[in-house]
Amino acid sequence: EKTRQLVGLRDSPLSDSDAREAKLVNEGQQMTEDLREITAELRNEESHMLALRQESTQRAANFARNSVIYGSLAALFLVTLTGIILARSIVRPLAQLSASATRIGEGDYAHRVIIGAEDEVGHLGRVFNQMAVQVQQRQAVLSNQDWLKSGLAKLTTLFQQQREPVAVTGKMAS
């Protein structure tokens, strides 16, 4: 009801001061309406910009999440591949070294390890080959000594057998 009264006052003929006042009120109302429209447009623009920023932030978060996931998978793959290659580079030469030790243990003293690298395992192979040379030399010396001892033992037995008939013959002659 108050609105109707104000509208009625506004529309009724007024004096100059009243008309001036009414004109100012109308201009103020128009300015208020313009400000409301501008404020509404700003709110709409800010809402639109906020939506764009949220969308951009979501895309960046998705990109970061995907980068971490795929980067971690790639790193895991590379670490696994490197581990496999490293393990093979250690296990194969050690298996060859083990097979060589078995052959030498079975009496093949001339066998040597094939050295394919200049790393710790290669160094171990060189030391193993030096040990094999020393074992072969010792085995040759022991074999020669055994041959010499067995030859001496045979000669000793032969000499003893030759002396015994003389001793037996000499006892009989006496």
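Residues numbered from 1 in each chain as written. Predicted model: local features only at pLDDT ≥ 70, side-chain atom pairs only at ≥ 80, totals over all residues. Heavy atoms only, no water.

### Things to note about the overall build of the chain
The helix and strand inventory of the chain stands at three helices and zero strands. Starting at the N terminus, the α and β elements of the chain follow one another as α-α-α. Going through the 174 residues of the chain one by one, you find that 7% of them count as buried. Long-range pairs, those at least 24 residues apart, make up 39% of the contacts in the chain between residues at least 6 apart in sequence. For the chain, the accessible area works out to roughly 14900 Å², and carbon and sulfur atoms hold 61% of it. (Helix = DSSP H or I, 4+ residues; strand = E, 2+ residues; numbered from the N terminus. Buried < 20%, exposed > 50% of the residue type's maximum accessible area, 1.4 Å probe, protein only. Contact = heavy atoms within 4.5 Å. Areas by Shrake-Rupley, 256 points an atom, 1.4 Å probe, with all protein chains shown as cover.)

### Examining a nonpolar patch on the surface
Taken together, the side chains of Trp147, Leu148, Leu152, Leu155, Leu158 and Phe159 define a hydrophobic patch exposed on the protein surface, amounting to about 650 Å² of accessible area. Secondary-structure assignment places leucine 155 in helix H3 (residues 120-173). The exposure class assigned to leucine 155 is partly exposed, which follows from its relative accessible area of 41%. (Patch = residues over 30% accessible without salt bridge, like charges linked within 9 Å, V, L, I, M, F, W, Y side chains within 5 Å. Salt bridge = Lys/Arg side-chain N within 4 Å of Asp/Glu carboxyl O.)

### Notes on the confidence of the model for the chain
The predicted model of the chain averages 83 in pLDDT, with 83% of residues at 70 or higher. Within the chain, no element has a lower average pLDDT than helix H1 (residues 2-11), which sits at 62, and none a higher one than helix H2 (residues 16-105), at 90. (pLDDT = per-residue confidence, 0-100.)

### Here's the deal with the layout of surface pockets
In this structure, the second largest pocket spans a volume of roughly 170 Å³. If you list the elements that add at least two residues to the lining of the second largest pocket, you get H2 and H3. For the lining of the second largest pocket, the element with the highest residue contribution is H2, accounting for four residues. For the lining of the second largest pocket, a count of residues per class yields seven nonpolar, five polar and one charged. (1 Å grid on protein atoms, 1.4 Å probe; cavity = no way out; pocket = protein on both sides within 12 Å on 5 of 7 lines; lining within 4 Å. Points joined across faces, edges and corners; volume = space filled by probe spheres on them. Nonpolar A, V, L, I, M, F, W, Y, C, P; charged D, E, K, R; others polar.)

### Let's talk about the pattern of salt bridges
Tallied over the full model, the rule gives four salt bridges. Arginine 126 is paired through a salt bridge with glutamate 118; the nearest N and O atoms lie 3.7 Å apart. On the basis of relative accessible area, glutamate 118 is assigned to the exposed category, the value being 71%.

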